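Given next are the chains, with one letter for each unit.
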Amino acid sequence: MRRRNKKLGMVVSIFLFLGFLASTVLAKPIILNYSSGYGDHFSLSMHDRWWAQELEKRSGGKVKIEFYWSQGLVKIPESLEAASSGITDISFFAPGYFGGQLPLSTSSQLFYLTNKPDAMSRGMMDVYNSFPAFRDEYEKKNNVKVLTFSGCTPNIVGVRKPWKGLEDFKGKKIRVFPGWEEAVSKLGGTPVTISWGEIYTSLENGVIDAYTGTMWDLAGIGKFFEQAPYILDLKQGSCAMAVTVINLDSWKKLPDDVKKIMEEVTRESIGKQAELYM
């Protein structure tokens, strides 16, 4: 009798142990990597960090975001391809760098539309959700789903020496955002299309004399003031946009409850953008 009870106890213990192992495996969180070419103190990076924290909290730790800042995983020009192919689960980038793959998104780069980044974000999300051709540009053609658009604060121009007016564009080599080349050329400048990560060294080595296509806090993070300490505000408004996307295959693998939470937090996050900008 004792021997039988001992065997029964061992069997029960084994089943309890296996159950514990199974629950441990099942409780293992879903890890999604996130790639950004910018630092974690950038205002839009702070927005995405808030989004990730809320996602983890509301999912009860079911999903976690693993951040790779400052081109730690892929370079800025590789961001879309990395997200499309699944090298990254989530990528943050400016669509303007990929005009060939995302031509409709370049509409966000027009000057004098708004000074309110959150208004641009809401507007672009409405377009994405309402117009199939715009949505297909991401989902069908590039295998990514937009999580959120992030409007940037008003554009600035950084220069080495004080400028008196638009005539000072003449003869200057100016870093521009893709799509702005014609505007600078008409002002007499020479447009130079390089990524944000190349601005500092290009100023330092004399490849460019000035830069535009960025915002106050991002210029500060890049320490561009060390090379070009003067800032001009041409009152162009918020004329650049960033986007956070998730690889479509990664999205499809997520449990439905996680998808629901992710979309819920994303809707709320646009209001958080305005709060972080203040």
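Engineer: Would you take a moment to explain the overall build of the chain for this structure?
Structural biologist: For the chain, the count of helices and strands is 10 helices and 10 strands. Among the 278 residues that make up the chain, the fraction classed as buried is 46%. If you sum the accessible surface of the chain, you get close to 14,400 Å²; carbon and sulfur atoms cover 57% of it.

Engineer: Help me understand the sheet that holds strand S4 (residues 144–151), please; the structure alone is not making it clear to me.
Structural biologist: Sheets are built from strands that pair by backbone hydrogen bonding, the pairs being arranged parallel or antiparallel. One open sheet accounts for 5 strands, arranged S2-S1-S3-S10-S4; its pairing is mixed. Unpaired on one side and paired on the other, strand S2 (63–68) and S4 mark the two borders of the sheet. This sheet shows a mean twist of 20° between the axes of neighbouring strands, independent of strand direction. Across 4 bridges, strand S3 (residues 90–93) lies against strand S10 (residues 241–247) in antiparallel orientation. Bridge assignment links Ile90 to a residue of S10, and that residue is Ile246. Lying on the sheet, helix H2 (residues 43–58) is in contact with strand S1 (30–36), S2, S3, S4 and S10; it crosses S2 at an angle near 155°.

Engineer: What am I meant to see in the pattern of salt bridges here?
Structural biologist: Counted by the stated rule, this structure contains 9 salt bridges. The salt bridge partner of Lys62 is Asp257, with a shortest N-O separation of 2.9 Å. With a gap of 195 residues between them, Lys62 in the loop between H2 and S2 and Asp257 in helix H10 (residues 256–277) connect regions that are remote in the sequence. Linked through salt bridges whose partners overlap, the residues forming this network are Glu54, Lys57, Arg58, Glu264 and Glu268.

Engineer: What am I meant to see in the environment of Leu147 here?
Structural biologist: Turning to its location among the elements, Leu147 is positioned in strand S4. Sequence-wise, Leu147 and Thr266 are 119 residues apart; in three dimensions their C-alpha atoms are separated by 6.6 Å. Once you skip the residues sitting within four places of it in the chain, Leu147 turns out to touch Trp51, Ile90, Met125, Thr244, Val245, Ile246, Met262 and Thr266.

Engineer: Explain unusual backbone geometry here, please?
Structural biologist: Most peptide bonds take the trans configuration, and most residues that are not glycine carry a negative phi. Residues other than glycine seldom take positive phi values, yet Ser70 does so here, at roughly 50°. As for its placement among the helices and strands, Ser70 is situated in the loop between S2 and helix H3 (79–85). The partly exposed category is assigned to Ser70, whose relative accessible area is 46%. In the Ramachandran plot, Lys223 falls in the positive-phi region, its phi being about 55° despite a non-glycine side chain. In this fold, Lys223 is placed in the loop between helix H8 (216–221) and strand S9 (230–232). Of the residues examined, Lys223 reaches a relative accessible area of 45% and is grouped as partly exposed.

Engineer: So what exactly am I meant to see when it comes to the pairing of S3 here?
Structural biologist: Within a regular strand, side chains alternate between the sheet's two faces. On S3, burial covers both faces: Ile90 and Phe92 on one face and Ser91 and Phe93 on the other are all buried. Bridge count between S1 and S3: 3 bridges; the pairing is parallel. Residue pairing in the sheet places Ser36 in a bridge with Phe92 of S3.

Engineer: Explain the packing of aromatic side chains here, please?
Structural biologist: The relative placement of two aromatic rings is captured by the distance of their centres and the angle of their planes. Going through the model one piece at a time under the given rule, you end up with 22 aromatic pairs. Seen from their ring centres, Tyr128 and Phe134 are 6.5 Å apart, and the 85° between their planes marks the pair as edge-to-face. Take Tyr128: its relative accessible area is 2%, and that puts it in the buried class. The structure contains a cluster of three or more aromatic residues connected by ring pairs, namely Phe93, Tyr97, Phe98, Phe111, Tyr112, Phe177 and Trp180. Over the ring of Trp251 we find Lys145; its NZ or CZ atom is 4.9 Å from the centre of that ring.

Engineer: Looking at this structure, how should I read the sheet that holds strand S5 (residues 156–159)?
Structural biologist: The strand order across the open sheet formed by 5 strands is S7-S6-S8-S5-S9, and the pairing between neighbours is mixed. For this open sheet the edge positions go to strand S7 (190–193) and S9, each flanked by a neighbour on one side alone. The sheet shows a mean angle of 25° between the axes of neighbouring strands, direction not considered. As judged from the 2 bridges shared by strand S6 (residues 173–176) and strand S8 (residues 210–214), these two strands associate in the parallel manner.

Engineer: Help me out: how do you make sense of the confidence of the model for the chain in this one?
Structural biologist: For residues with low pLDDT, the predicted coordinates do not support detailed interpretation. When pLDDT is averaged along the chain, the result is 88, and 89% of the positions lie at 70 or above. Below a pLDDT of 50 lies the segment residues 15–25, which in the model reaches 0 contacts outside its immediate sequence neighbourhood of four places, other chains included.

Engineer: Just checking my understanding: could you explain H2 for this structure?
Structural biologist: Given 3.6 residues per turn, any residue in an α-helix points the same way as the ones three and four places further on. In a regular helix each residue adds 1.5 Å, so 16 residues correspond to 22 Å; H2 covers 23 Å between its end C-alpha atoms and thus fits that length. The set of residues buried in H2 consists of Ser43, Leu44, Ser45, His47, Asp48, Trp50, Trp51, Ala52, Glu54 and Leu55. In the stretch just after H2, Gly60 is the one whose phi turns positive, near 65°.

Reading the values: the criteria
- Residues numbered from 1 in each chain as written.
- Predicted model: local features only at pLDDT ≥ 70, side-chain atom pairs only at ≥ 80, totals over all residues.
- Heavy atoms only, no water.
- Helix = DSSP H or I, 4+ residues; strand = E, 2+ residues; numbered from the N terminus.
- Buried < 20%, exposed > 50% of the residue type's maximum accessible area, 1.4 Å probe, protein only.
- Areas by Shrake-Rupley, 256 points an atom, 1.4 Å probe, with all protein chains shown as cover.
- Pairing = 2+ DSSP bridges.
- Axes fitted to C-alpha atoms, helices over the stretch in contact; angles between N-to-C directions.
- Contact = heavy atoms within 4.5 Å.
- Salt bridge = Lys/Arg side-chain N within 4 Å of Asp/Glu carboxyl O.
- Phe/Tyr/Trp six-rings, centres within 6.5 Å; stacked < 30°, edge-to-face > 60°.
- Lys NZ or Arg CZ within 6 Å of the ring centre and 35° of its normal.
- pLDDT = per-residue confidence, 0-100.
- Expected span 1.5 Å × (residues − 1).

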